[in-house]
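Structural overview for review
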Amino acid sequence: MNETAAIDAKDAAPVYNFAYLDEQTKRMIRRALLKAVAIPGYQVPFASREMPMPYGWGTGGVQVTASVLGPDDVLKVIDQGADDTTNAVAIRGFFEKTARVATTTVTEEATVIQTRHRIPETRLGANQILVYQVPIPEPLRYLEPREVETRKMHGLAEYGLMHVKLYEDIAKHGHIAATYAYPVNVNGRYVMDPSPIPKFDNPKMDDCEALQLFGAGREKRIYAIPPHTSVVSLDFEDHPFKVQEFSEPCALCGSRGVYLDEVILDDRGGRMFVCSDTDYCERHRPEDGTAPVAVWEEER
Amino acid sequence: MTGATQADTYSGGFRQPVFDAQGVFRVALDALARPGRIMPLAARTKPPRPMPPLLADILSALADQDTSVFLCPALLAKAPSAAGWVRFQTGAANVKNPAEADFVVASHPENLPPLSQLSPGTPDYPDRSATVLVAVPGFDGGLPVTLSGPGIKDKIAFSPDGMSRGLWQQLVANHALYPRGIDVIFVAGEAVVGLPRSTRIEIGEV
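In this report, we go over the structure that sits alongside the text. Counting of residues starts from 1 at the beginning of each chain's written sequence and follows it residue by residue. Working convention: letters from A go to chains and numbers from 1 go to ligands, in the order in which they are written. Predicted model: local features are reported for residues with pLDDT of at least 70 only, side-chain atom pairs are reported and counted for 80 or more only, and whole-chain, interface and lining totals are derived from all residues. Calculated side-chain values reflect all of the structure's heavy atoms, with hydrogen atoms and water omitted.

1. Re the packing of aromatic side chains
This is how the line gets drawn: Two aromatic rings from Phe, Tyr or Trp, using only the six-membered ring of Trp, form a pair when their centres are within 6.5 Å; if the ring planes differ by under 30 degrees the pair is stacked, by over 60 it is edge-to-face, and anything between is tilted. Strands are runs of DSSP state E lasting at least two residues, helices are runs of H or I lasting at least four, and both sets are numbered from the N terminus onward. Partly exposed describes any residue whose relative accessible area lies between the buried limit of under 20% and the exposed limit of over 50%, with all areas from a 1.4 Å probe on protein chains only and scaled to the type maximum. A ring is considered to have a charge above it if a Lys NZ or an Arg CZ atom is located within 6 Å of its centre and within 35 degrees of its normal.
Summed over the entire model, instances satisfying the criterion amount to 16 aromatic pairs over all chains. Between phenylalanine 158 of chain B and phenylalanine 186 of chain B, the aromatic rings sit 5.5 Å apart at their centres with planes inclined by 65 degrees, giving edge-to-face as the arrangement. You can see phenylalanine 158 of chain B sitting in strand S7 (residues 156–158) and its partner phenylalanine 186 of chain B sitting in strand S8 (residues 183–188), a full 28 residues away along the chain. Judged on exposure class, the residue phenylalanine 158 of chain B and its partner phenylalanine 186 of chain B are both buried. An aromatic cluster of at least three residues, connected via ring pairs, comprises Tyr16, Tyr20, Phe94 and Phe95 of chain A. The side chain of arginine 128 of chain B reaches across the aromatic face of tyrosine 125 of chain B, ending 3.7 Å from its centre.

Right, here's the structure in full:
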């Protein structure tokens, strides 16, 4: 096999190294990934590169994916659970072009899944790697803006400030108000930002069979959760961690116990709640096509 | 340098640098993510004999001009051209002081420098630590230990040949430094086993 993703001679597009990144960059990222796996939840600094997409569009996840991907991998990319939204389509196309890897939308078929802000509903297996796109990797950043200080706090496992923040939520709102990017403690040591996944997905990270890798491009950090690692959402004895609950099932496939997105149908308050995981939803619809499309409208 | 050692130095690297490096890295990643599990890895390089090829494979995949490598004196005594091979094939600097090395390489556990000499990183930057690549005669028949921790469901037994009780005690002390500490990749024949600093080690059977 040719080592570059060679392009047909007739279209004069540039020839990239396999998976776009040069080899020295991949080695640097790979060394960071090995350290990240050895120190679960610790943010390893890395020399993030400029990518042919703006910060905020998954440059960290793309660099991690490019560094782990091989020619035999099958790649799935999701954006808020969906395979068919802009970010997912663009990144899938990027790797189809630069690495010529097989892609899929079926969760079980993928060996590498890059995700923005969701964990698939389908349970992940030991042969899979989940790569998260991370905007702000530092869970303490909004509480303490100075990197020198937050680094010291992680070094000393000094997380009192985070518990004060959660306590203030309870004092102000009566409950812990964070609904996404809900902080977790990894392997009983590092407090970690799970990226802006809904807290609904937090329990899926604990004792997961798959390897979870996190890449923050603008902030230049990589971190990881190895398989079968304890991931505990922070809480208090009298205010235990709880995930979101939905009173209605998915309007398209009827699934319960899944994370639902609200879809606005008109300008009169009409709306429906459907699975955010499009692959899961499509494969759970009744086969005779008579799924009750239980569009429900808010009382007006 | 004689012609023969020059040939030794300049040949035997990855034949497909992009895919060979990726393949070796993925197995190393899997090995550190699932400590104690024997991960098959076919050798891709031909370093100067008797340097174990898998040590050369992992160096070729991960070391470059940004890293430093310490090759244990016992290995260099038997394979003097190994230093030049690593330097040419990876661009990494050979260092004489193991405390300065990113990668510490030994052809047998007995030849490792005391692990307390190696860099364990700092409390603020525990990633600035050494990675040990060590060949063992085999993955069974040695002193049994029981591993647990991240990457391991419950517990796993591990008994690499050639590991003394004293060395295991050094690795127990290494885990006590967590999150600082060194990470170890064992190689034997055509397989590797990872032992990151996060793994708890009990000397003795399950």
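2. Details of the sheet that holds strand S12 (residues 231–233) of chain A
Residue and element names in this part refer to chain A. Cut-off, in case you're wondering: Pairing between strands requires that DSSP locate at least two bridges from one strand to the other. Note on geometry: axes are lines fitted to C-alpha atoms, helical ones only across the stretch in contact, with angles between N-to-C directions running from 0 to 180 degrees.
As summarised here, the arrangement of the 3 strands in space is S9-S8-S12, forming an open sheet in which the pairing is antiparallel. Of all strands in the sheet, those with a lone pairing partner are strand S9 (190–192) and S12, marking the two edges. When strand polarity is set aside, the average angle formed by the axes of neighbouring strands in this sheet is 30 degrees. Across 3 bridges, the pairing between strand S8 (residues 184–186) and S9 is antiparallel. By the bridge assignment, asparagine 185 is partnered in S9 with valine 191.

3. Examining the environment of glycine 189 of chain B
Position of glycine 189 of chain B among the secondary structure elements: in the loop between S8 and strand S9 (191–195). Along the backbone, glycine 189 of chain B and tyrosine 178 of chain B are 11 residues apart, and their C-alpha atoms lie at a distance of 30 Å.

4. Considering the packing of helix H1 (residues 23–38) of chain A against helix H2 (residues 17–33) of chain B
Formally: Under this scheme an angle from 65 to 115 degrees is roughly perpendicular, one under 35 degrees roughly parallel, and one over 145 degrees roughly antiparallel; angles in between are oblique. Should any heavy atoms of two residues lie within 4.5 Å, those residues are considered in contact. Throughout this entry, Asp, Glu, Lys and Arg are counted as charged residues, while Ala, Val, Leu, Ile, Met, Phe, Trp, Tyr, Cys and Pro are counted as nonpolar. The remaining residues, Gly among them, count as polar.
Running from N to C, H1 of chain A and H2 of chain B point in directions that differ by 5 degrees, and their axes come no closer than 10 Å. What the angle tells us is that H1 of chain A and H2 of chain B run roughly parallel. Contact with H1 of chain A, carried on its side by Glu23, Lys26, Arg30, Leu33, Leu34 and Val37 of chain A, involves Pro17, Val18, Ala21, Gln22, Phe25, Ala28, Leu29, Leu32 and Ala33 of chain B of H2 of chain B and no other residues of that element. A per-class count over the contact of H1 of chain A with H2 of chain B returns 11 nonpolar, 1 polar and 3 charged.

5. Here we look at helix H6 (residues 165–176) of chain B
Since the α-helix turns once every 3.6 residues, residues separated by three or four places project in the same direction. All names here are of chain B. Here is the rule: Each helix should span, by expectation, one fewer than its residue count multiplied by 1.5 Å. Working definition: the arc comes from the directions between the helix axis and the C-beta atoms, pointing outward to the latter.
The terminal C-alpha atoms of H6, which comprises 12 residues, lie 17 Å apart, in line with the 16 Å expected from a rise of 1.5 Å per residue. All of the buried residues along H6 are Leu167, Trp168, Leu171 and Asn174. Around the axis of H6, the buried residues are gathered within 105 degrees of arc, so they sit on the same side. Elements in contact with the buried residues of H6: strand S6 (145–148), S7, S8, S9 and strand S10 (200–203).

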